[in-house]
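Observations on the model geometry
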Amino acid sequence: MMKNILIVGSGRSGMGACKLALSKNFNVKITDFKKIDFQVKRKLLSSLVSFEEGGHSNSNLDWADEIIISPGVSDKIEFIQLAKKRSIPIFSEIEFAFRFTKKPIIAVTGTNGKTTTSSLIHHILKNANLNSRLCGNIGVSFSEVLVSDPGDIYVLEVSSFQLEHILKFKPKISIVLNLSPDHLDRYENKKENYFDTKMLIKLNQDESDSFIYLHEDQNIKSRLNDKEKPKIFPFRYDKENKNISAWIDNNKLIIKNNKNFFTMLLHEMALQGKHNVYNSMAAGIASKILGVSDDILRLALTNFKGVEHRLEKVLKLDGRTFINDSKATNCNAVYFALESVKTPIVWICGGVDKGNNYKQLDELVKQKVHTIIVIGKASKKIENHFKEIVPNIIKTVNMQSAVTQSYRSAKSGHSILLSPACSSFDLFQNYEERGRVFKECVFGL
């Protein structure tokens, strides 16, 4: 009998799952608590897919054999809780897509650096002429790629939300870059719940698989044991012991692969800054596991262009450098950004606070930031925290005003850094739109 698949959420993930389910001849319905985008509705109508918006009807649970839950939907909502009581199987979109491919998967997670590292791995594999696809929590869903543009190897950026409902999802290589508190509003204000969810990435890995992680991160190390099934590849800045797979020595990146050593001078690498060295280590280890040659790896680490909205230099105007770091939606990401900028900073921040503890930024802000421009719902919290540290805090109502005020507050030789520390959902659809609007405002000066 043909299965009935109910998809909760009509965003990129939900629509990708819909497309894949239809290609496998499942019966599909979509339910969304929000209003469904007009273009999405047109696609659903043309595919003869029934849908509802503005709420979830419990009658759909009588129909559904399985539920695919979109990453933006919390399983704490009443509709999903009722589905659980009825024992209806609930899966994430990446779990659903995993059923339909036997190709190797490289899955990358972590609080920060996921997009850069995933993009870098994909870039390296393309340089090695491997038929790689980049998907997941970046640009296009895993399901969409399987239907529209399948490849021979999949590089997935994976969020904690996507890992909440996996069952058999099993990457060939899994990577946890770092763990620091984030999305605490989703995890009952308990960082341990968030960390544990991230570590599910290696749940189903066995002896034929590989797990790459930051050895210096105690939140990761404390969740490992001596009986780990996958092969373990730790990286750290200094070589603490012989089991480390990548480290830095005398301003050189060193990656150990069996008895061979890949080396490269740090200043030759396209990505600069300590956090990017870690990202390059993880990508380099994964590439060597897959058999990429030293020459290809060196070339790819040299010519990688970086990621939009991540420490992206937008424009230098009258000696002032504008930097778009819209992807920095938590304090740890902002810490990396402030650390990497070497000039005095005008810092544009704010949005929707996800339970941030700004205290970790105090020392860097004191050293580097002379003006803070705040925007969005978190303005008051940010102002209250930093008013004793930064003499000049300016509240603004939109991005245009923030950019104008930042230009006036900066001098030649200063940097203007958009690094919000917050999600964008009060003023923008996502961090990409926020970054694009920032750039448009900068170019309009």
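Quick caveat, the model's predicted, so the values are computed rather than measured.

As a further point, take the packing of helix α6 (residues 114-127) against helix α11 (residues 274-289). The contact between α6 and α11 brings their axes to 9 Å, and the two run at 40 degrees. By the angle between their axes, α6 is oblique relative to α11. When the axes of α6 and α11 are compared, the crossing they make is right-handed. Where α6 abuts α11, its residues Thr-116, Thr-117, Leu-120, Ile-121 and Ile-124 lie against Asn-276, Asn-279, Ser-280, Ala-282, Ala-283, Ala-286 and Ser-287.

Let's shift gears to empty space enclosed by the protein. Going through the model one piece at a time under the given rule, you end up with three cavities of 30 Å³ or more. Volume-wise, the largest cavity comes out at about 80 Å³. As for the largest cavity, its lining consists of Asn-112, Gly-113, Thr-116, Leu-177, Asn-178, His-275, Asn-276, Tyr-278, Asn-279, Arg-310 and Phe-336. Per element, the largest residue contribution to the lining of the largest cavity is four residues, and it comes from α11. Classifying every residue of the lining of the largest cavity gives three nonpolar, seven polar and one charged.

Right, let's get into helix α16 (residues 399-409). Think of an α-helix as turning once every 3.6 residues; residues three or four places apart then point the same way. Where α16 is concerned, the buried positions are Met-399, Ala-402, Val-403, Ser-406 and Ser-409. Angular distribution of buried residues about the axis of α16 spans 130 degrees; they occupy a single face of the element. Contacts from the buried residues of α16 go to β16 (320-324), β17 (345-349), β18 (369-375), β19 (392-396), β20 (415-418) and α17 (431-443).

Formed by 80 residues in total, the largest nonpolar core has its most connected members in Ile-175 and Phe-235. Sequence-distant contacts of Phe-235, that is, excluding residues within four places in its chain, are made with Leu-177, Ile-212, Tyr-213, Leu-214, His-215, Glu-216, Ile-244, Ala-246, Tyr-278, Met-281, Ala-282 and Ile-285.

The subject of this paragraph is the sheet that holds β17. Read from one edge to the other, the open sheet built from six strands follows the order β15-β16-β20-β17-β18-β19, with strand pairing classed as mixed. A single partner strand is all that each edge strand has here, and the edge strands are β15 (312-317) and β19. Taken over all neighbouring pairs, the strand axes of this sheet differ in orientation by 20 degrees on average, direction set aside. Two elements, β16 and β20, share four bridges in a ladder whose sense is parallel.

One non-glycine residue with positive phi stands out, namely Asn-25, at about 65 degrees. Within the secondary structure, Asn-25 sits in the loop between α1 (12-23) and β2 (27-32). In this structure Asn-25 comes out as exposed when scored by relative accessible area, which is 53%. The phi dihedral of Leu-48 is positive, around 60 degrees, even though this residue is not glycine. Take Leu-48: it is sitting in the loop between α2 (38-46) and β3 (50-53). The exposed category is assigned to Leu-48, whose relative accessible area is 78%.

What follows deals with the environment of Ile-80. Relative to the helices and strands, Ile-80 resides in helix α4 (residues 78-85). Apart from the residues within four sequence positions on either side, Ile-80 is in contact with Val-8, Ile-69, Ser-74, Asp-75 and Ile-90.

Let us look at the side chain of Asp-217. The topology assignment puts Asp-217 in the loop between β10 (210-214) and α10 (218-221). One buried charged residue, Asp-217, forms no salt bridge at all, with the nearest opposite charge on Arg-223 at 7.2 Å. Among the polar contacts made by the side chain of Asp-217, one reaches the main-chain amide nitrogen of Asn-219 at a distance of 2.9 Å. Not counting residues up to four positions away in its chain, the partners in contact with Asp-217 are Asn-178 and Leu-179.

We now examine the sheet that holds strand β1 (residues 4-8). Pairing within the open sheet is parallel, and its five strands lie in the order β3-β2-β1-β4-β5. Edge strands, defined here as strands with exactly one partner in the open sheet, are β3 and β5 (90-92). Between one strand and the next, the sheet's axes are offset by a mean angle of 25 degrees, whatever the strand orientation. Where β1 meets β2, five bridges bridge the pair, whose relative direction is parallel. Its bridge partner lying in β2, Ile-7 is registered against Ile-30. The sheet contacts of α1 involve β1, β2 and β4 (66-69), and relative to β2 the element is tilted by about 170 degrees.

In this structure the tally under the stated criterion is 26 salt bridges. Taking the shortest distance from any N to any O, the salt bridge between Lys-170 and Asp-206 comes out at 3.5 Å. Here Lys-170 is found in the loop between α8 (160-163) and β9 (173-176), whereas its partner Asp-206 is found in the loop between α9 (191-198) and β10, with 36 residues between them in sequence. Look at Lys-170 and you get partly exposed, because its relative accessible area is 27%. Residue classification places Asp-206 among the partly exposed positions, given a relative accessible area of 25%. A salt bridge links Glu-383 to Lys-395, with the shortest nitrogen-to-oxygen separation between them at 3.6 Å. Separated by twelve residues along the polypeptide, Glu-383 in helix α15 (residues 379-386) and Lys-395 in strand β19 bring together distant segments of the chain. A residue is classified by how much of its surface remains accessible, and Lys-395, at 47% relative accessible area, is partly exposed. Connected through salt bridges with shared partners, the residues Lys-3, Glu-66 and Arg-99 form a single ionic network.

How each quantity is defined
- Numbers given for residues are sequential positions, taken from 1 along each chain in its written order.
- In keeping with the model being predicted, local features are shown solely for residues with a pLDDT of at least 70 and side-chain atom pairs are shown and tallied solely at 80 or more, while totals for entire chains, interfaces and linings include all residues.
- Water and hydrogen atoms were dropped before computing side-chain values, which therefore reflect all heavy atoms in the structure.
- To obtain an axis, a line is fitted to C-alpha atoms, over the contacting stretch when the element is a helix, and the angle between two such axes runs from 0 to 180 degrees between their N-to-C directions.
- The helix and strand labels rest on DSSP assignments: H or I over at least four residues marks a helix, E over at least two residues marks a strand, and numbering proceeds from the N terminus.
- Just so you know how the angles are binned, under 35 degrees is roughly parallel, over 145 roughly antiparallel, 65 to 115 roughly perpendicular, and the rest oblique.
- Here is the rule for handedness: rotate from the far helix to the near one, and if that takes an anticlockwise turn smaller than a right angle the crossing is left-handed, while a clockwise turn gives right-handed.
- Here, two residues are considered to be in contact whenever any of their heavy atoms come within 4.5 Å of each other.
- In this analysis the probe radius is 1.4 Å and the grid spacing 1 Å, with only protein atoms considered; a cavity is a set of points the probe fits into but cannot get out of, a pocket is an open set with protein on both sides within 12 Å along at least five of seven lines, and lining residues have an atom within 4 Å of a point.
- Grid points are joined across faces, edges and corners, and a volume is the space filled by probe spheres set on the points.
- Basically, the charged four are Asp, Glu, Lys and Arg, the nonpolar ten are Ala, Val, Leu, Ile, Met, Phe, Trp, Tyr, Cys and Pro, and anything else, Gly included, counts as polar.
- Relative accessibility thresholds used throughout: buried, under 20% of the residue-type maximum; exposed, over 50%; partly exposed, between the two (1.4 Å probe, protein chains only).
- Arc definition: it is the arc formed by the directions from the helix axis to the C-beta atoms.
- By nonpolar core we mean a set of buried residues, namely Ala, Val, Leu, Ile, Met, Phe, Trp, Tyr and Cys, connected to one another through side-chain atoms within 4.5 Å.
- By the convention used here, strands pair only if DSSP detects at least 2 bridges between them.
- Counting rule applied: Lys, Arg positive; Asp, Glu negative; His and chain ends not counted.
- By salt bridge we mean one thing: a side-chain nitrogen of Lys or Arg within 4 Å of a carboxyl oxygen of Asp or Glu.
- Contacts described as polar in this section are N or O atom pairs within 3.5 Å, which, within protein, must combine one atom able to donate a hydrogen with one able to accept it, while residues neighboring in sequence count only if both atoms come from side chains.

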